[in-house]
Amino acid sequence: MSVLSLRGLRTNIGQYAVLHDVSIEVPEGGVFVLLGRNGAGKTTTLRSIMGLWAPSPGSVFFRGRDISGMHTADIARLGLAFVPENMGIFGGLTVAENMVLATRNGQFDKGRLGYVQTLFPALKKFWDARAGSLSGGQKQMLAVARAIIEPRELILVDEPTKGLAPAIVDAMADAFAEIGQSTTILLVEQNFQFARRLGRDMAVIEDGRIVHAGSMADFAADAELQGQLLGLSA
Amino acid sequence: MSMKPTYGSIGVKLVVLLIAAALLFAPFLFQDVRSIEVAARICIFIVLVASYDLLIGYTGIVSFAHTMFFGFGAYGAAILLKQMGPGWAPVVLGGLAGIALSLVIAVAIGLLSLRVKAIFFAMITLAAASVALVLASQLSHLTGGEDGITYSAPDLFKPATKLLVDAEGKVLKIAGVRMNGKIAAYYFVFLSSAVLFGLMLRLVGSPLGTVLKAIRENEARAEAIGYRVVAYRTFVFCISAVVASLAGTIYAVWLKYTGPETALSFDIMIDILLMVVIGGMGTMWGPVIGATLLVIAQYYLRDLMGAAAEAVSSVPLLPELLNPDRWLFWLGILFILLVYFFPKGIAGTAMEKGVRQ
Amino acid sequence: MKGFGMTRWIEKMGGVNLLPVAVMLVGFVLIGAPSSWVTLTVAGLAMGMMVFLMASGLSLVFGLMDVLNFGHSAFVSFGAFVAASVLAGLSGWLGAPSVLLNVAALALALAAALAFGLAAGLFFERVIIKPVYKDHLRQILITMGALIVSEQIILALWGGTPITVHRPAFLEGAWIIGDISIEIYRGFAFALGLVVFAGLYFTLNRTRLGLLIRAGVENREMVEALGFRIDRLFVGVFMLGSALAALGGAMWAGYLTLITPALGGEMMIVVFIVVIIGGLGSIEGTLLGALMVGLVSNYVGFLAPKLALASNMILMMAILMWRPSGLRPAVK
C-alpha cells in the first residue's frame, strides 16, 4: 500500500486556485521525486499535505487515512516531517535547541543522535552556536537533521539544493540516499541531475496538475519527454 | 460575472440620493434649530467618515489619528478667527495652516511607520493623537485649553444678516423659512461638504482607485507588479488627512466654537470608526449611511434609552447599562457583531444582494 | 579607528541594554540636585517596572500569533478596579497593626487581579480574538470594540467618579537615607516587577515551554510542522499576558492612590510606546523600553512638566528613526 496518496487534490490560496488536480501515489521506501517548473505548484502540494494550506476535503491520505482537514501539528504527530524551502530554521535558537524541539518529549535517543551527527558532522561542531550564524549548507543540514532526529514515516523535502555549492549538493545527495534506505522521502526538486541520482519513482507537475508519473529510470532515459515537460535541452 | 449593478447596489444609491435630498432641503423640511444642527453635523461627518474610508476601506490600514487632522483644521480656523476677528481671511488662512500641519505630520507618520509594519501604524497614530489632545489642553493661551475657543463666524453667517429682503426691507421668508445668515451658513456647510465628497468619489473612480484596490486585495502581488505600496499608502494617508482637516475647518465655522470635545477627543474617533464600519468600508456610500444613522442616533437614541432605563429600574445592573450615558456600550457590542458577521457593513452587504441575470 | 573601538566597547558592555543607564546619566546632569535625582530615578524605575508588567503580555502575544490586542488596556483598568475593590473590602486588615494581615490583604487584592486577568484573558481570546486570527484589520477593529464595551462596563460598575485606593500600612511612608527619601511602595513595585521579569526570563530561556514560545515567535508554522499546537500554547500565553496586565494595573492603582476609568486608556498609549521602542515579541526589549519610558517621563515631568507625554512620543520617534523595528525585537 502507498504511504501517501493524493487523490484529486485541489488547493486555493485566497481566491486563486493553485492546485487543480494533483493525484500521486507515493510507495513505501525510497525517494519519490516531484518535478516541475517554477510556480507549477510543487511547494503548494507539500504545504497542502502538511495542512499549512487547506487542501480540498478527502484528497490527502496517509497510510489509507484521510488527513485533509487535520491540524498541521496532528499531521506531524502521525510521523510526517517537513523540510520547507526556506528551511524553517529558528535562527535565534542554538543548533542544540533546534534539534531538541524536533523531539517529541525533549529527550534525545543517544543512538539516533549519534547517527544524525555522523551523517552531518558540522552540526556537532556548531552544536551550541546560534543557528542563524550557520552557513546556508549547514542550515540545510540542520533542517534535514531535525526531520530525522526521531524515526519518521515520511519526510517532505522542498528543494534542498537551492542555492547550495556543488560540493554540498553532493554531500546532501549522499545523505538522502542513506536516509532513503529507512524512510520514505517525497522530494520536490528543480535540479534534475540531483533528482535523477536519488529518485526511484517520479511525477511531473505543471500548472497545478500532474502531467506525468512513472519510474525515474524511464524518465531519465527519455530525453524528449524531459525536454517537453521540464524544458531541458537534451 | 454579470457587470450589471445589483438591485442592492441600486437600493443603496437610492438611499444615498434620498439622504442627499433630505440634507439639501433640510432647512425647509425640518424647521427647528436642533434639526438643522443635526443636518449640518451629518454633512460634516459624511465628509470626515468618507475621508477615513479612503484610508481604511481602500488601503486596509487603520489610523487612530483621523480626529487629530480634523482638529488641526478646526483649531486653525478657530485660533485665527479669535485672533483676527470675524472674516474670510482667517478662515482661509486657518484652513491652509491646518492642511499644512496635517500634511507634515501625515508624511512623518507615514514614512516612519508604514515602512516597517502596517501594525505599527495603528499604534503610532493612536499615540500621536493622544499627544495632540494633551497639547491642545496644555497650550491653553492658544487653544483655550479644556474650555476651547468661542468666536464669531464671518458676517455673512450671522443670524442678523439679511440675504433676501421683501418689499418692506424685512427678511424674506420662503416656504416659512427666513433667508438669513443661518441659512447661508447651512448651505456653506452643505455645498462645501458636497464638493469634497464629490472629489473623493472621483478619486476612487480614477486609475488611482484601481491601484488602491489592487494593493488592498493583495499587497505582495501589487508590490511584485511594481507598485510602490508605501508611497501609495502615504499618499492616500495625506489625502485623507487633508480632507479631514478641511472638514474640521468647515465645522469650526459652523459651530463658532472649537474645543477638545468637538474637534479632538477620542470619542470622535470612535464615532468615525463606528460610522465607517456600520455603513460599510470601501464603498464611499457606506459612510453616507453610517454617518446619517449614527448622528441621528446620537441626538435621538439617548432619549429612548433614558425611557428604557426608567422602565427596567427594578432590575439590577440593567438600568445602569441602559443609562443614556452608556449608549456606547450597546454601540460597541453592535460594532463587534458587525465586524464578525457583516464586515462589509450595511452598504457593502446590501450591494452584494440581488444579482441581476 | 577610535570610533570603531568605542562601538565595540559599548557592544561588549551590553549595547542597547545600557540606554537606561545613559538616560539616568543625562538626567543627573540636567537635574543637578542629587537628592531629587535619586527620588525621580526610583520613581522612574518603579513606573518602568509597572509598565513592564502591563506591556510584556502584549508584546509576547503579538510575537507569538501576530495578534495585536487594542483591548489590552481593559485588563489594566479591570486589574486596578478589582484590586481597589478588594482592598476597600479588606480595609480593616490594611490598617491593622499586624503586618501579616497587611500582607494578606495585599496578596488577596493582587491575586484577585491576577485571577480576573486569567479568566478575562481566556474569554477574550476564545470569543473576541480567535475568529479573527490573521486578519489585522478586523483584529484591530474588534479589539477596539471590545475596549469600548469594557470601558463602559467599568463605568457602569464603578461609576465615573475617582475612587480612592487604600494601601496596606506597611507600604506607606518612605525610607530616609540622609536627605534622600525613597517611597516604600515604589521600592516594592520595582522589586515585584523584577521578580516577574526574572520568572518570565527563566521560563522563556530555561524551560521547554519557553523554548516552544521562543521558537513560535520566530516561526509559528515550523513549530506546528514539528508537531506542536501553537494555538493551544497561545491561549496560555494570552491568559498570562492578560493576568500580568491586570497585576500591573493593580500595582498602578496603589501607586496613584486615586483612580478613574480613564486609567486604562492613559496607560495604553504608554504601553504601546514601550512595546514599539522595545521591539515586539521580546520581553528583554519590553523591559528596556519600559524603564526608559519610566525614567524619561519622570525626569521630563520634573524639568518641563508640560512636555511629559510628548517626551515619550519624541523618544519613540527618535528610536524608530535609529532602529525601525525597535531596540531588541524578536528574531523573525
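Residues numbered from 1 in each chain as written. Chains lettered and ligands numbered in written order. Predicted model: local features only at pLDDT ≥ 70, side-chain atom pairs only at ≥ 80, totals over all residues.

The name an unreviewed UniProt entry assigns to chain B is Branched-chain amino acid ABC transporter permease, from the organism Pseudooceanicola spongiae. Under Subcellular location (unreviewed entry), UniProt gives the following word-for-word description of chain B: "Cell membrane". (UniProt positions renumbered as here; feature names shortened; annotations may be inferred.)

Looking at an unreviewed UniProt entry, chain A carries the name ATP-binding cassette domain-containing protein, with the source organism given as Pseudooceanicola spongiae. If you open the UniProt record of chain A and go to Sequence similarities (unreviewed entry), you find "Belongs to the ABC transporter superfamily."

Student: Quick question: what am I supposed to make of the overall build of chain B here?
Tutor: Of the regular secondary structure elements, chain B holds 17 helices and four strands. The C-alpha atoms of chain B give 21 Å as radius of gyration, which agrees with the globular expectation for 357 residues (21 Å, within 12%). Considering only C-alpha atoms, chain B reaches an extent of 70 × 50 × 45 Å along its principal axes. Buried residues in chain B amount to 47% of all 357 residues. Of the contacts made within chain B by residues no fewer than 6 positions apart, 72% connect residues no fewer than 24 positions apart. (Helix = DSSP H or I, 4+ residues; strand = E, 2+ residues; numbered from the N terminus. Rg over C-alpha atoms; globule rule 2.2 N^0.38 Å. Buried ≥ 20, exposed ≤ 12 C-beta atoms within 10 Å, placed from the backbone. Contact = placed C-beta atoms within 7 Å.)

Student: I keep staring at the interface of chain B and chain C and nothing clicks. Help me out?
Tutor: Think of interface size as the accessible area that goes away when the parts come together; that is how it is often given. Facing the 35 residues of chain B at the interface are 29 residues of chain C. Residue assignment for the side of chain B that touches chain C shows that the elements contributing at least two residues are α6 (118-138), α13 (266-279), α15 (318-322) and α16 (327-341) of chain B. By residue number, the principal contributor to the side of chain B that touches chain C is α6(B), which donates 14 residues. Of the residues belonging to the side of chain B that touches chain C, the class tally is 28 nonpolar, four polar and three charged. (Nonpolar A, V, L, I, M, F, W, Y, C, P; charged D, E, K, R; others polar.)

Student: How do you make sense of helix α4 (residues 72-89) of chain C when you look at a structure like this?
Tutor: Helical geometry: 3.6 residues make up each α-helical turn, so side chains three or four residues apart lie on a common side. Look at α4(C): 26 Å from first C-alpha to last across 18 residues, which is about the 26 Å you get at 1.5 Å a residue. Across the 18 residues that make up α4(C), a large majority, 15, are buried. (Expected span 1.5 Å × (residues − 1).)

Student: Explain the pairing of strand β9 (residues 199-206) of chain A to me, please; I cannot follow it from the model alone.
Tutor: Note on strand geometry: in a regular strand, side chains alternate between the two faces of the sheet. All names here are of chain A. Pairing analysis gives five bridges linking strand β3 (residues 31-35) to β9, with the strands arranged parallel. Counted as the bridge partner of Phe32 is Asp201 from β9. Bridging between β9 and strand β10 (residues 209-215) involves six bridges; their strand directions are antiparallel. Each residue of the ladder has a partner; that of Asp201, found in β10, is Ser215. Linkage of β9 to β10, two consecutive antiparallel strands, is achieved through a turn of two residues, within which Asp207 is found at a positive phi near 55°. (Pairing = 2+ DSSP bridges.)

Student: What exactly am I supposed to notice about the packing of helix α8 (residues 184-206) of chain C against helix α11 (residues 230-256) of chain C here?
Tutor: A pair of packed helices can be characterised by two numbers: the angle between their axes and the separation between those axes. Residue and element names in this part refer to chain C. Their axes nearest at 10 Å, the elements α8 and α11 cross at an angle of 170°. The orientation of α8 relative to α11 falls into the category roughly antiparallel. Taking contact as the criterion, the partners of Tyr185, Ala189, Leu192 and Val196 in α8 are, on α11, Leu244, Met251, Gly254 and Tyr255. Of the residues assigned to the contact of α8 with α11, the class counts are seven nonpolar, one polar and no charged. (Axes fitted to C-alpha atoms, helices over the stretch in contact; angles between N-to-C directions. Parallel < 35°, antiparallel > 145°, perpendicular 65-115°, else oblique.)

Student: Would you explain the confidence of the model for chain B in this entry?
Tutor: Close inspection of predicted coordinates is inappropriate in any region flagged by low pLDDT. All names here are of chain B. Considering every residue of chain B, the mean pLDDT works out to 86; 97% of them sit at 70 or more. The secondary-structure element of chain B with the lowest mean pLDDT is helix α10 (residues 219-225), recorded at 71, while helix α4 (residues 66-84) shows the highest, at 94. The complex prediction reports pTM at 0.86, with the ipTM value standing at 0.92. (pLDDT = per-residue confidence, 0-100.)

Student: Quick question: what am I supposed to make of helix α11 (residues 229-255) of chain B here?
Tutor: All names here are of chain B. Taking 1.5 Å of rise per residue, the 27 residues of α11 would be expected to cover 39 Å, and the 39 Å separating its terminal C-alpha atoms lies within 8% of that figure. With 21 of 27 residues buried, α11 is to be regarded as a mostly interior element. Lys256 lies just past α11 and shows a positive phi near 60°.

Student: Would you take a moment to explain the environment of B:Phe235 for this structure?
Tutor: When you line up the elements, B:Phe235 lands in helix α11. Note: C-alpha distance between B:Phe235 and B:Val33 (202 residues apart in sequence) is 39 Å.

Student: Please explain the UniProt feature "transmembrane region" (unreviewed entry) in chain B as it appears in this structure.
Tutor: Residue and element names in this part refer to chain B. Using the residue numbers shown here, the UniProt feature "transmembrane region" (unreviewed entry) corresponds to residues 6-26, 38-55, 88-112, 118-136, 183-204, 230-253, 273-301 and 327-347. Along residues 88-112 one finds 100% helix and 0% strand; the C-alpha atoms at either end are 36 Å apart. Between the C-alpha atoms that bound residues 273-301 there is a distance of 18 Å. The span itself is 83% helix and 0% strand.

Student: Explain the packing of helix α3 (residues 34-65) of chain C against helix α12 (residues 263-278) of chain C to me, please; I cannot follow it from the model alone.
Tutor: All names here are of chain C. Taken N-terminus to C-terminus, the directions of α3 and α12 make an angle of 65°; their axes are 9 Å apart at the nearest point. In terms of crossing hand, the pair formed by α3 and α12 is right-handed. Facing α3, whose interface residues are Val51, Met54, Ala55, Leu58 and Ser59, α12 presents Met267, Val270, Val271, Val274, Val275 and Gly278. Residue composition of the contact of α3 with α12, by class: nine nonpolar, two polar and no charged. (Left-handed = near helix turned anticlockwise from the far one by under 90°.)

Student: Is there a simple way to explain unusual backbone geometry in this structure?
Tutor: Backbone phi values are negative for most residues with the exception of glycine, while trans is the configuration of most peptide bonds. Of note, A:Glu159 is a non-glycine position whose phi angle comes to about 40°, a positive value. Located in the positive-phi region is B:Lys256, a residue other than glycine, with phi close to 60°. By the secondary structure assignment, B:Lys256 is in the loop between α11 and β4 (257-258). For B:Lys256, a count of 17 C-beta atoms within 10 Å corresponds to the partly exposed category.

Student: I tried to follow the environment of B:Asp32 on my own but got confused; where do I start?
Tutor: With respect to the helices and strands, B:Asp32 occurs in the loop between α2 (26-29) and α3 (33-59). Judged by the 8 C-beta atoms lying within 10 Å of it, B:Asp32 is exposed.

Student: Honestly, the pairing of β3(A) in this entry has me stumped. Any pointers?
Tutor: All names here are of chain A. In terms of burial, β3 is largely enclosed, as five of its five residues are buried. Here β3 shows no split at all, with Val31, Val33 and Leu35 on one side and Phe32 and Leu34 on the other all buried. Of the strand pairs in this sheet, β3 and strand β8 (residues 184-189) are connected by five bridges, and their pairing is parallel. Following the sheet pairing, Val33 is matched in β8 by Leu187.

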